[in-house]
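# What the coordinates show
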Amino acid sequence: MSPGQLYSNGNGSVSSSVLENGFVGSVPHFSTDKVVQELLQQSSEGMDHLLEFSEALKTVAKALKRAAEGKAAALSEASEWQRKYEAERERNMRLEHKERSPDKHECVEEKRTENLNHRSELSHQENEQNGNCCGQNGICNHEVLRDEDTDSNSELVSCKMPEKASFKLSWNCKGANQYKHDVVSFDRGNITTAERSSKQISLKWETSPRIVLVLTKPNSNTVRILSADMIRWLKQQKNLDIVVEPRVKSELLAESHFFHFVQTWNEDKEISLLHTKVDLVVTLGGDGTVLWAASLFKGPVPPFVPFSLDSEHYKESLDSILTGPISITLRHRLQCHIVREAADSELGTEEPELVLNEVTIDRGISSYLTNLECYCDNNFVTTVQGDGLILSTTSGSTAYSLAAGGSMVHPQVPGILFTPICPHSLSFRPLILPEHVTLRVQIPLSSRSPAWASFDGKGRRKLEPGDALICSMATWPVPMACQGDSTSDFLRSIHEGLHWNLRKTQSFDGPKDT
């Protein structure tokens, strides 16, 4: 019989068909169902394993995220303690060096002693006239703008340099000479407040200012002519010492040898000592010039007097400012520092940044959305998915934050603006947070791309996954002189500069209600 012939059992039913290769050619129907069930069971068991593996990966990702958050928080706290330790260590070293070489600082100490005695006499006279100097009526600059490390500075502070001018800050109210404190009443369990004031800050010189720092906008013929005329007037009419940038001094000497009296600095490290000798800062330019001038001062900041390019009547303004008293606005700044994922080697190399307007975290040239995890005092706020995030001061509320949809805020309102940039969400609205909080923006390890941080539009830095940016309110604000008062200046700027709510007035000769 051929191999392909059918074999039958005793009942005559076909049992199998043997092919030439020896395999069975047909299988009973019940065997096919069994095989299908086994395959389905195996596939379901495989899916269960995949689900378990997926859940395990999610658990690991959450654990890594918590570990990264804990590391960033611990490193930010460690950096703050390190900063305090370095400051205390430097102070102790200077005190020790001072004790070892008393002759070197004899002249400076005599000057400081005379200055302190003079200030105490002025304070005593002021107390006899108006009561307590710093308690009820105001704040003195020796308590606000005193730097503990200015006792033994190098070349910029010498025996020949005149002492810094002292001044007093006080609260002014409309219709009153003294600041009225908010009165809080708890009568019969009810809390009420009364006698609120404008809280306008006034600056009164106790000693006349002697040294003026003039900072100008570069590459502008109009500013160059205006600065030369102003410096000549300040020297001839007010007999003030003038400090300028090295670039400006070269331009002035190229124009005339009359400006040989102008001072400048030779090394970048001398810039950090400007606040120890400068009484007043005058800027000639726009907002960019003011931002750059503020970035020169990492600690205490002298009073700022900004002039725009069309300031033709600067003599009257400077004359009233040098005489005093003047109204000022304290422009608060944000202190930002970056905590790297490899913080053990990079924490000590990156110095904190001070911004007057805003710090921006964006996606840069990447085509992916940013993925920023935001925390406020270690409390989770949200995850920003969009083009980026703006952390702004109230002074910067009319800058980039305004263009991104943030609110305009009066500069004397204490707060930090939290404004997203093109968020991929319909419900993501900007926030205004209190000034005392600490914000942390972290790039998660699962982020597809790095982010970029810029500080007042410059100093751009790359943030890799795992890095964090810590922001809080800085200690030293920028005192800015006002034309009138802080409120009138703010309203004038949004009306004239931004044309806020400018529209054609509705015609009066239409239909009227009867």
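Structure first, text after, so check above.
Since we're looking at a predicted model, the values are computed, not measured.

Another point: the overall build of the protein. Each helix and strand in the protein was counted, giving ten helices and 24 strands. Here the protein holds 514 residues, and 36% of them are scored as buried. Taking the contacts inside the protein whose residues are at least 6 apart along the sequence as the reference set, 68% of them involve residues at least 24 apart. For the protein, the computed accessible surface area is about 30800 Å², with 52% contributed by carbon and sulfur atoms.

Before going further, it helps to examine the packing of helix H4 (residues 221-238) against helix H7 (residues 314-323). The N-to-C vectors of H4 and H7 enclose an angle of 45 degrees; their axes lie 11 Å apart at closest approach. Between H4 and H7, the crossing angle belongs to the class labelled oblique. Here H4 runs over H7; the crossing is right-handed. Only Tyr 314, Lys 315, Leu 318, Asp 319 and Leu 322 of H7 make contact with H4, whose side of the interface consists of Leu 226, Asp 229, Met 230, Trp 233, Leu 234 and Lys 238. Class assignment of the residues belonging to the contact of H4 with H7 gives a composition of seven nonpolar, no polar and four charged.

This paragraph deals with the nonpolar core. Judged by nonpolar contacts, the single largest core of 35 residues is most densely connected at Ile 231, Leu 234, Ile 242 and Leu 318. In terms of residues, this core owes the most to one element, H4, which gives seven residues. Apart from residues lying up to four places away in sequence, Ile 231 is in contact with Val 214, Ile 242, Val 244, Leu 252, Phe 259, Phe 261 and Val 262. The next biggest cluster of nonpolar side chains, apart from the first, holds 27 residues, and it includes Val 384, Phe 428, Leu 439 and Ile 443.

Attention shifts here to the packing of aromatic side chains. Any pair of aromatic rings gets described here by the distance separating the centres and the angle formed by the planes. Overall, the coordinates contain seven aromatic pairs when judged by the stated rule. When the centroid spacing of 6.1 Å and the interplanar angle of 70 degrees are considered together, the rings of Phe 297 and Phe 304 count as edge-to-face. When the centroid spacing of 6.5 Å and the interplanar angle of 35 degrees are considered together, the rings of Phe 418 and Phe 428 count as tilted. Placement of the pair is Phe 418 in strand S18 (residues 416-423) and Phe 428 in the loop between S18 and strand S19 (431-433), with a sequence separation of ten residues. In this arrangement the basic side chain of Arg 440 is found over the ring face of Tyr 375, its NZ or CZ atom lying 4.4 Å from the centre.

This paragraph deals with the pattern of salt bridges. As enumerated under the stated definition, the model contains twelve salt bridges in all. Linking Glu 245 and Arg 247 is a salt bridge whose minimum nitrogen-to-oxygen distance equals 3.4 Å. For Glu 245, a relative accessible area of 7% corresponds to the buried category. Classification of Arg 247 by relative accessible area gives partly exposed; the value is 29%. Members of the salt-bridge network, linked through shared partners, are Arg 224, Glu 245, Arg 247 and Glu 251.

Criteria and cut-off values
All residue numbers refer to position in the chain's written sequence, counted from 1. With the structure being a predicted model, the display of local features is reserved for residues of pLDDT at least 70 and the display and counting of side-chain atom pairs for 80 or more, all residues being used for whole-chain, interface and lining totals. The side-chain figures draw on all heavy atoms in the structure; neither hydrogens nor water molecules are used. Helix and strand labels come from DSSP, where a helix needs a run of H or I of at least four residues and a strand needs a run of E of at least two; each type is numbered from the N terminus. Burial classification: accessible surface area is computed with a 1.4 Å probe over protein chains only, and a residue below 20% of its type maximum counts as buried, one above 50% as exposed, and the rest as partly exposed. Contacts were defined at the residue level, with two residues in contact if any of their heavy atoms lie within 4.5 Å. Here the accessible surface of atoms and residues is derived via Shrake-Rupley with a 1.4 Å probe, and residues count as covered only by protein chains that are part of the display. Note on geometry: axes are C-alpha line fits, over the in-contact stretch for helices, and angles between N-to-C directions span 0 to 180 degrees. An angle below 35 degrees is read as roughly parallel, one above 145 as roughly antiparallel, one from 65 to 115 as roughly perpendicular, and any other as oblique. By convention the crossing between two helices is left-handed if the near helix lies anticlockwise of the far one by an angle smaller than a right angle, and right-handed if it lies clockwise. Polar here means any residue outside two lists: the nonpolar Ala, Val, Leu, Ile, Met, Phe, Trp, Tyr, Cys and Pro, and the charged Asp, Glu, Lys and Arg; Gly therefore counts as polar. Nonpolar core, defined: a set of buried Ala, Val, Leu, Ile, Met, Phe, Trp, Tyr and Cys residues in which side-chain atoms within 4.5 Å join the residues together. Geometry of aromatic contacts follows a simple scheme: Phe, Tyr and Trp rings, the Trp one being its six-membered ring, pair when their centres are within 6.5 Å, and the pair is stacked under 30 degrees between planes, edge-to-face over 60, tilted otherwise. Note on geometry: a ring has a charge over it if NZ (lysine) or CZ (arginine) is within 6 Å of the ring centre and within 35 degrees of the ring normal. In what follows, salt bridge is the name for a side-chain nitrogen of Lys or Arg lying within 4 Å of a carboxyl oxygen of Asp or Glu.

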